[in-house]
Amino acid sequence: MGKRSQAASDAKAILNRIRQLVRALRAFEKETQRRFGLGAAQMFIVHVLGSEDDLSLNELADRTATDQSSASLAVGRLVEDRYVRRTTSTDDRRHVRLSLTAKGRALVRRSPPAAQERILSGVHEMPARERAQLVRLLDKLMLRIDDHPTATPMLFQAGADARAVRPAQSAH
C-alpha cells in the first residue's frame, strides 16, 4: 500500500474511532435524559459528588475537568432539582460548598457511572507515556481542525462559556 492510500486508510480508521466515541457519549446523554431527566453533565457532577462530597465549585470543576462557569451552570439545575445542596460558609459568605442531598445520593445508587467517568478511568489505566502521547496527538489534531480552540465546557452542556485558550501543554 502506498503512502497516500495508507494515510487515507489511517484517517478513516481514526474518524471511525472518533465516531464510536461520539456515538457512545450521545447514547449516554439520551439514556440519562430518558431515564433520569438529567443531562450527561449533571449526571457526571452527581457521580463526582457521590464519590467526593463537600466540594467547592473550583474543586468540582477540577474533578470534572472543566471550567468553573460550565460547572456552575450544571450545578444550578441540580440545586433547583434538589439533587445538590449549596452551603455557604458561616466564616466567609463567599465560600460555598456543594454536597449531595438524599435525593442525589439515591440517584447515584440507581444510575450507571457517567460516560465521562468511564473515559477518565480508561485513560487513567493507560501508562503515563501513552497518556502523554494521546494528549499530544489530540492537540495536534485539534489545531488542524480548529485554529481557535476554546475552553472545555462539560460534554453536551448547552450554553457553556467558551473563552479562547491554548491546547493543554504536555509535560512530556
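Everything that follows concerns the structure shown earlier in this document.
The paragraphs below set out a description of the structure included in this document. Just so you know, these numbers come straight off a predicted model, no measurement behind them.

Looking now at the pattern of salt bridges. In the structure shown here, the tally under the stated rule is 7 salt bridges. Note that Glu-52 and Arg-63 form a salt bridge whose closest N and O atoms lie 2.8 Å from each other. Taken together, the residues span a long stretch of sequence, with Glu-52 in the loop between α2 (40-51) and β1 (55-56) and Arg-63 in helix α3 (residues 57-63) at a distance of 11 residues. You can call Glu-52 partly exposed: its relative accessible area is 32%. Among the residues examined, Arg-63 registers a relative accessible area of 30% and is labelled partly exposed. Across the pair Arg-77 and Asp-81 runs a salt bridge, and its minimum N-O distance is 3.2 Å. Residue Arg-77 is classed as partly exposed on the basis of its relative accessible area, which comes to 31%. Looking at Asp-81, the relative accessible area reads 24%, which means it is partly exposed. A single network of salt bridges, built from pairs that share partners, joins Glu-31, Arg-34 and Arg-35.

With that out of the way, let us pick up the nonpolar core. The biggest cluster of nonpolar side chains holds 27 residues, and the ones touching the most others in it are Leu-49, Leu-60 and Val-84. Sorting the residues of this core by element identifies α1 (3-36), α2, α3, α4 (68-80) and β3 (96-100) as the ones contributing at least two each. Per-element accounting of this core gives the leading share, 8 residues, to α2. The residues touching Leu-49, leaving out its near neighbours within four places in the chain, are Leu-55, Leu-60, Val-84, Leu-98 and Leu-100.

Here we come to the environment of Leu-120. Relative to the helices and strands, Leu-120 is located in helix α6 (residues 115-124). For Leu-120, the residues in contact, after removing those within four places along its chain, are Phe-44 and Arg-63.

Parameters at a glance
- Residues numbered from 1 in each chain as written.
- Predicted model: local features only at pLDDT ≥ 70, side-chain atom pairs only at ≥ 80, totals over all residues.
- Heavy atoms only, no water.
- Salt bridge = Lys/Arg side-chain N within 4 Å of Asp/Glu carboxyl O.
- Helix = DSSP H or I, 4+ residues; strand = E, 2+ residues; numbered from the N terminus.
- Buried < 20%, exposed > 50% of the residue type's maximum accessible area, 1.4 Å probe, protein only.
- Core = buried A, V, L, I, M, F, W, Y, C linked by side-chain atoms within 4.5 Å.
- Contact = heavy atoms within 4.5 Å.

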